[in-house]
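Tertiary structure, described
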Amino acid sequence: MTRAPLTFADFWYVVAVSDRLTPGQVMSCTVRDEWLAVFRDRTGQPVAFRDRCMHRHSRLSQGQVHQGELHCPYHGWVYDAQGQVVAVPSEGNRFQFSRARCAKSYPTREQNGYIYVCLGRPRPALPPYALPHQGEPGWATVRVVNRFENSVTNCVENFIDIPHTVSVHPGIFRQARRQELAMTVVREAGKVTATYRQETNNLGWFSRFLNPDGQTIQHCDRFIMPNITSVDYHMGDRRQLWITSQAVPETPTQTVVYTDVAFNYGGWTQFARPLVYWTTQKIIGQDIRALKIQQEVIAKYGQQFANTPADRIHEWVESIHRELEQGRDPRDLATQSAEITFWV
């Protein structure tokens, strides 16, 4: 049975790290070309308005918050947490409340130490993604935020793409060894999952630390519609690593990515935090440059890719995005799977 229409706007997107939105502060954010003013109400709950005063179209994000109400910087109109105008200075004591005076507001949620906004209709079955191992005993997490000059689609494909690692991250991540790998790729229920086999120690500079016994690595990459990637490595009994990225589209070619790296290295976990942070940011910086170049070429020549079998994971991500662009629910797509070998 076909589900109700579903679009990109109906999902939850990160707009801020929770502890960076303090009471009395208002932040300017952009999601899918929609300007947002985000602040906290009297109770500390996040509020998101369209970043436009309905009076003379100033930016509400440039205003001030007093006792949980947002004051426009241009003529001082005051909006409560529901978006209603509750005071107009120029009208003085003659101000009369009107439901027609109301800013456009959006649903918000706070979870995982992030503030999320939904621009469309939230679906109970599609909540914000639950980050793995957050706060669990024995685990530590490193969080970084970066901006990419490319689309969400190309960003998420990069995050779950193995072949580029030997060229873009030589040494730090993998070495070119002409090693044959096998993967099972499955597209199902709005997700694409790639499970890899035959990996052992091609993990770059830190192979001896990450997998000192050379055990077979359990490695799985996942795409969860419309903008989440999850990469997990289990290296024997003593090393585990989960990398979750939430790619938020500001514009068609500007993407903000919130990355959480959760790791459990046994007794080394807390000592490894600075190294994990440095390595994460180093690798992301290299990807930022690679994706900037890709977008420059796309802008000049268009996006017409020549695919290899290893790109099946990307083709299925793109098929999910096409469904959303057409207002269809990708969970209605037929389940597909493929067995693929490739070399790195």
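First, a word on what this report is: a plain description of the structure on this page. Note that the structure is a prediction, hence the values are computed from the model and not measured.

Parameters at a glance
- Residues numbered from 1 in each chain as written.
- Predicted model: local features only at pLDDT ≥ 70, side-chain atom pairs only at ≥ 80, totals over all residues.
- Heavy atoms only, no water.
- Axes fitted to C-alpha atoms, helices over the stretch in contact; angles between N-to-C directions.
- Helix = DSSP H or I, 4+ residues; strand = E, 2+ residues; numbered from the N terminus.
- Parallel < 35°, antiparallel > 145°, perpendicular 65-115°, else oblique.
- Left-handed = near helix turned anticlockwise from the far one by under 90°.
- Contact = heavy atoms within 4.5 Å.
- Expected span 1.5 Å × (residues − 1).
- Buried < 20%, exposed > 50% of the residue type's maximum accessible area, 1.4 Å probe, protein only.
- Salt bridge = Lys/Arg side-chain N within 4 Å of Asp/Glu carboxyl O.

Packed helix pairs are characterised by how far apart their axes lie and by the angle those axes make with each other. One way to put it is that helix H1 (residues 152–159) packs onto helix H4 (residues 269–301) with a least axis distance of 11 Å and a crossing angle of 140°. Classed by the angle they form, the pair H1 and H4 counts as oblique. The crossing of H1 and H4 is right-handed. Contact with H1, carried on its side by Asn154, Cys155 and Asn158, involves Asp287, Leu291, Gln294 and Ile298 of H4 and no other residues of that element.

A word on helix H5 (residues 312–325). If you check H5, its first and last C-alpha atoms are 20 Å apart, about what 14 residues at 1.5 Å a residue would give, namely 20 Å. Across the 14 residues that make up H5, a large majority, ten, are buried. Where H5 is concerned, the buried positions are Ile313, His314, Trp316, Val317, Glu318, Ser319, Ile320, His321, Glu323 and Leu324. At its buried positions, H5 is contacted by H1, strand E13 (180–188), strand E14 (191–197), strand E15 (217–224) and strand E19 (336–343). Of the residues trailing H5, Gly327 is marked for its positive phi of about 75°.

Tracing the backbone shows Ser319 in helix H5. A residue is classified by how much of its surface remains accessible, and Ser319, at 7% relative accessible area, is buried. Among residues more than four places away in sequence, those in contact with Ser319 are Arg187 and Leu333.

This part is about the pattern of salt bridges. Applying the stated criterion across every chain, the model contains 14 salt bridges. Between Asp260 and Arg143 there is a salt bridge; the shortest N-O distance is 2.7 Å. Of the two residues, Asp260 sits in strand E18 (residues 254–264) while Arg143 sits in strand E12 (residues 140–148), which places them 117 residues apart along the sequence. With a closest N to O distance of 2.5 Å, Asp232 and Arg222 form a salt bridge. With Asp232 in strand E16 (residues 228–235) and Arg222 in strand E15, the pair connects residues that are ten residues apart, well separated along the chain.

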